[in-house]
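So the chains spell out like this:
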Amino acid sequence: MLKRVWGELGEETVVIDTCSLLGDTAMALPTPGKVHIGFSTQKGALSWFIRKATRSPASHSFLLFFSEQFGQHMILEVQGRGFVQVPFEVWKAKNKLLALYEIKREDKITAGAMQLLGHRLGALYDNWSLLGFLLIYVVRIWDRNDLDDKKKLVCSEMVALFLRWCRVPLQTHIDRVVPRDLWRLAETHADCFQLAYSSERGARCLTKVKTMGRKLTSSVPTSPTKRPTGPLPLVE
């Protein structure tokens, strides 16, 4: 978000406003170079199904960053139209934001991860993967999502890819990660994440979030500044 200010000589300057109001609660929005991981929900049958199937208050995960090209905060998300970016002010009018976490990594690391993620922009939504989630979480007959299409994405898969490229140590199949698992990861790993905002509903869920979902990381966290000598412990 931008706001205009005037200096002592009357000149007009445009600066970044890193605080926004959602209802009555202030949130800290990412400054240039920083990226937040977020969790939300909305009305609709699909959102309801994901929450019920995964036993989570969140049905959606996304990335939030400040775009210097557009001069505003943007959302990167995978939804019905595929992998797209949407202005934050437009997005929050249609979604119920639960929580935001700053990813504690150097700007050069998040910039590199963004460049890699940029190659996936426009990827189609993986509708068949939803059936895979049904078989995993509801029918419980699969251990991994064999219907996952590597050329397509779902929201949590996109976020998990970004976190891997940011050198956050994940230890699971990213094709079966759901928003619930990512929320637990963000809430329980202060070495990698810092809470930037939670709604009233999100705050009520924080204690529960720490125990819900599957553990995604190894017991020994990776240093946020030290470059790993080998591949991250991620099973694909």
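As a reminder, the structure under discussion sits directly above these lines.
Residues numbered from 1 in each chain as written. Predicted model: local features only at pLDDT ≥ 70, side-chain atom pairs only at ≥ 80, totals over all residues. Heavy atoms only, no water.

Chemist: A description of the overall build of the protein chain should follow, citing residues and the corresponding values.
Modeler: The secondary structure content of the protein chain amounts to 7 helices and 10 strands. Looking at the 236 residues of the protein chain, the share that counts as buried comes to 50%. If you take every contact in the protein chain between residues at least 6 apart in sequence, the share linking residues at least 24 apart comes to 70%. Surface exposure of the protein chain reaches about 11,900 Å², of which carbon and sulfur atoms provide 55%. (Helix = DSSP H or I, 4+ residues; strand = E, 2+ residues; numbered from the N terminus. Buried < 20%, exposed > 50% of the residue type's maximum accessible area, 1.4 Å probe, protein only. Contact = heavy atoms within 4.5 Å. Areas by Shrake-Rupley, 256 points an atom, 1.4 Å probe, with all protein chains shown as cover.)

Chemist: Mind laying out the sheet that holds strand β10 (residues 193-198), listing which residues take part and the relevant values?
Modeler: Read from one edge of the open sheet, 6 strands run β8-β7-β6-β5-β9-β10, paired in antiparallel fashion. For this open sheet the edge positions go to β8 (82-87) and β10, each flanked by a neighbour on one side alone. Each neighbouring strand pair of the sheet contributes to a mean axis angle of 30°, computed without reference to strand direction. Sheet topology places strand β9 (residues 96-103) next to β10; 5 bridges connect them, and they run antiparallel. Looking at the pairing, L100 lines up with Y197 of β10. The sheet strands contacting helix α5 (residues 155-165) are β5 (35-41), β6 (60-67), β7 (72-79), β8, β9 and β10, and the helix crosses β6 at an angle near 55°. (Pairing = 2+ DSSP bridges. Axes fitted to C-alpha atoms, helices over the stretch in contact; angles between N-to-C directions.)

Chemist: Requested: an account of the environment of S56, with residues and values cited.
Modeler: Along the chain, S56 falls in the loop between α1 (45-54) and β6. A polar atom in the side chain of S56 sits 3.1 Å from the backbone nitrogen of A58. (Polar contact = N/O pair within 3.5 Å; in protein donor to acceptor, adjacent residues only side chain to side chain.)

Chemist: Can you tell me about the environment of T188, naming the residues and giving the values?
Modeler: Along the polypeptide, T188 turns up in helix α6 (residues 179-188). Residue classification places T188 among the partly exposed residues on the basis of a relative accessible area of 34%. It is 6.1 Å that separates the C-alpha atoms of T188 and K210, two residues lying 22 residues apart in sequence. A distance of 2.6 Å separates a polar atom in the side chain of T188 from the backbone oxygen of R184.

Chemist: I'd like to hear about the packing of aromatic side chains, residue by residue, with values.
Modeler: As enumerated under the stated definition, the model contains 4 aromatic pairs in all. Where F88 meets W91, the ring centres are 6.2 Å apart and the plane angle is 20°; that geometry is what we call stacked. Within this pair, F88 and its partner W91 are both found in helix α2 (residues 88-91), separated by 3 residues, close to a single helical turn. Each member of the pair, F88 together with W91, is buried. Every member of this aromatic cluster is reached through a ring pair, and the members are F39, Y101 and W183. (Phe/Tyr/Trp six-rings, centres within 6.5 Å; stacked < 30°, edge-to-face > 60°.)

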